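# What the coordinates show
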Amino acid sequence: MLSKCDDKIDFDRKENNRYIVKLKDIKKAIKFLKEKENYTFLLDITAVDYSTYKEKHSKRFAIIYLLKNRDFDDLVILKAYLNEHEIIESITDLYKSANWAEREVWDQYGLKFKNHPNLKRILNHKEFIGHPLRKDYPTTKGQLCTKTDDLMDEMIPKLKAKGYENHEELMFLNLGPAHPASHGTIRTFVALEGETIISAVSEIGYLHRGFEKSCENHTYNQIIPYTDRLNYCSAILNNIAFAHAVEGMLDVELPERGQFIRVIIGELSRIIDHLVCLAANLVDMGALTNYWYLYNPRETAYTLLSRLTGARLTNSYMRIGGMTHDLYDGFEEDLKECIKDVEKGMDDSLSLIEHNRIFQDRAQNIGIVTANDAINRGFSGPNLRASGVNYDVRKQNPYYFYDTFDFDVALGSVGDVYDRMMVRFEEIRQSIKIINQAMKRLPKGEINVQNHAISLPKKQNVYGNIEGLMNQFKLVMDGVKVPIGEYYRSIEAANGELGFYIVSDGSGTPYKVKVRPPCFYAMSALPDMIEGEMIADAILDLGSLNIIAGELDR
């Protein structure tokens, strides 16, 4: 790998595919990995402020790059240490996905990137002072925004690049953030020639609530309810992703029954998420009947989840090392009824659109993203697979016995709105297939890791003996003690690869948590996708990407 590089790159090989590279060589190393070793997928970029870390570092910050190869079966992490005033070379010329990723690092940490085309805030508003993920920024300090951003600093260069020196004859329009078709608090500013979009710029951050900063002040189990609020259309998958990452750091594996329950509930959550996406996308086209066909089964699923977890939307069902409780009596019968409703809703909806010329004309060859472009932009999940790229974390990096289940990966061929929708229809079928297999194979036994340092004791032990009471008290007050280190782990969530990069200082509270949100990279592509299209097409493009603002903004 880097050791085979002809150019001299100053690095030390560290644990598990992590390279520590000198800052001056970081871009050279990334370029080598992309061009010579086929690491064409930039998974994420983040930073760490080590100023209060137990193990002292010679420099305050580190910039971290996560890269995957073209087959998506190998992860490489590059890391370079730097001080506040040192400059990082931008890699936006290598990966389109780096544009927003580098802006986020600048916004949150204040680290500057040389030759970035538009280094400005992205999650925090333009009047914000300071950088909130630095350790010296107070958690409780809020800053109000009093002025809107006209976004012309981004719009005018794009128009000039397209030959529009004089834009007086163009019409400028805001799509969102306060509009049902924006699918959340998302603003897309467009320049129009008639109804054709000449240029577009997107602004996010309206729902930014400081998830990653909050994680630094709560124990690992206390963070789980916060993960519910990321992609709230499939909250339990967020629970699973975070717990899965922490369990990897603890080097523990759930009992088989616990793993199977996570598969069953996780796939049900995937189904709900896809139902919401498809129903909303179809109603955007004016197909209201389809909306009810798909939305009503979702209500049946929510009723089941309410019985299981006590909540319909934000379930907080998982815990580090397991889950709150086992399945209830009668769960299997309720699940069968739920699946039956989903299948009927799908059949009814597809009977109206599958061979419908109007639907096909509205959805086909709209918002095309080619396979290479999807990879370069950091797409994952259904959006990537719709472009014909066969990457599913459940297949390439299987967990929870996914390699033993019989299911197919749904793929598109064009990467348009039609493919993104039909891939999700097929994924619902495949999720049902997985759920049915998992229920047949569901073993008996424990659902939580049998380790008093990780799992909460049973209630009868808390109420019945002093050891159980003390165990409960220590875990609640101090949290699960996670070994010192840095770790990335992910799952296949409803919108794609949902991963967490966690830095532990050995305490019960994480030193740093970075979520890798699939929506973030999908949304960054929208402005380029809609240029040259009609306004009505832009609405379908956004809906087909299935942007969830809670995950996008965090």
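Check the entry above for the structure.
Right, let's walk through the structure included here. Keep in mind the model is a prediction, meaning the values are calculated, not measured.

## What about the sheet that holds strand 13 (residues 485-493)?
Strand pairing in a sheet relies on backbone hydrogen bonds. The paired strands run either parallel or antiparallel. With antiparallel pairing, the 3 strands of this open sheet are ordered in space as 13-14-15. Looking at which strands have only one partner, the edges of the open sheet turn out to be strand 13 and strand 15 (512-516). On average, adjacent strands in this sheet sit at an angle of 15° to one another, irrespective of strand direction. Two strands pair when backbone bridges link them, and strand 13 and strand 14 (residues 496-504) are joined in this way by 9 bridges, in the antiparallel orientation. Considered in strand 14, the bridge of Ile 491 is made with Leu 498. On top of the sheet, helix 6 (residues 235-250) reaches strand 13, strand 14 and strand 15; it is set at about 145° to strand 13, its chief contact.

## Comments concerning the pairing of strand 15
In terms of burial, strand 15 is a largely internal element, 5 of the 5 residues being buried. Covered by surrounding structure in strand 15 are Lys 512, Lys 514 and Arg 516 together with Val 513 and Val 515, the residues of both alternating faces. As paired strands, strand 14 and strand 15 are joined by 5 bridges and run antiparallel to one another. If you follow Tyr 501 over to strand 15, its bridge partner there is Lys 514.

## Some words on the side chain of Lys 120
With respect to the element layout, Lys 120 can be found in the loop between strand 7 (112-114) and helix 3 (152-161). Taking relative accessible area as the criterion, Lys 120 reaches 15% and is therefore assigned buried. Separated by 3.0 Å, the side chains of Lys 120 and Glu 154 make a polar contact. When residues no more than four places from it in sequence are discounted, the contact partners of Lys 120 are Arg 103, Trp 106, Asp 149, Leu 151, Asp 153 and Glu 154.

## A closer look at the sheet that holds strand 8 (residues 171-175)
With respect to topology, 3 strands assemble into an open sheet ordered 8-9-10, the strand pairing being antiparallel. The sheet terminates laterally at strand 8 and strand 10 (196-203), the two strands that pair on one side only. Averaged over all adjacent pairs, the angle separating strand axes in this sheet is 25°, with direction ignored. Two strands pair when backbone bridges link them, and strand 9 (residues 187-193) and strand 10 are joined in this way by 7 bridges, in the antiparallel orientation. Within strand 10, the residue paired with Leu 192 across the bridge is Ile 197. Docked against the sheet, helix 17 (residues 518-530) engages strand 9 and strand 10, running at close to 165° with respect to strand 10.

## Things to note about the nonpolar core
If you look at the biggest cluster of nonpolar residues, it comprises 167 residues, and the most contacted ones within it are Ile 63, Tyr 65, Leu 78, Phe 242, Ile 320 and Phe 500. In terms of residues, this core owes the most to one element, helix 7 (residues 256-284), which gives 13 residues. Judged by nonpolar contacts, the second largest core, of 9 residues, contains Leu 151, Met 152, Ile 198 and Val 201.

## Some remarks on the packing of aromatic side chains
Under the definition given, this model contains 22 aromatic pairs. Taken together, a centroid distance of 6.2 Å and an interplanar angle of 70° make the contact between Tyr 402 and Phe 407 edge-to-face. The burial state of Tyr 402 is the same as that of Phe 407; both residues are buried. Three or more aromatic residues link up through ring pairs in this structure, and these residues are Phe 260, Tyr 399, Tyr 400, Phe 401, Tyr 402, Phe 405 and Phe 407. If you follow Lys 135 out to its NZ or CZ, it ends over the ring of Tyr 511, 3.9 Å from the centre. The lysine or arginine in question, Arg 554, covers the ring of Phe 520, its NZ or CZ lying 5.1 Å from the ring centre.

About the thresholds
Residues numbered from 1 in each chain as written. Predicted model: local features only at pLDDT ≥ 70, side-chain atom pairs only at ≥ 80, totals over all residues. Heavy atoms only, no water. Pairing = 2+ DSSP bridges. Helix = DSSP H or I, 4+ residues; strand = E, 2+ residues; numbered from the N terminus. Axes fitted to C-alpha atoms, helices over the stretch in contact; angles between N-to-C directions. Contact = heavy atoms within 4.5 Å. Buried < 20%, exposed > 50% of the residue type's maximum accessible area, 1.4 Å probe, protein only. Polar contact = N/O pair within 3.5 Å; in protein donor to acceptor, adjacent residues only side chain to side chain. Core = buried A, V, L, I, M, F, W, Y, C linked by side-chain atoms within 4.5 Å. Phe/Tyr/Trp six-rings, centres within 6.5 Å; stacked < 30°, edge-to-face > 60°. Lys NZ or Arg CZ within 6 Å of the ring centre and 35° of its normal.

So, to be careful, I would describe these as geometric facts and stop short of saying anything about function.
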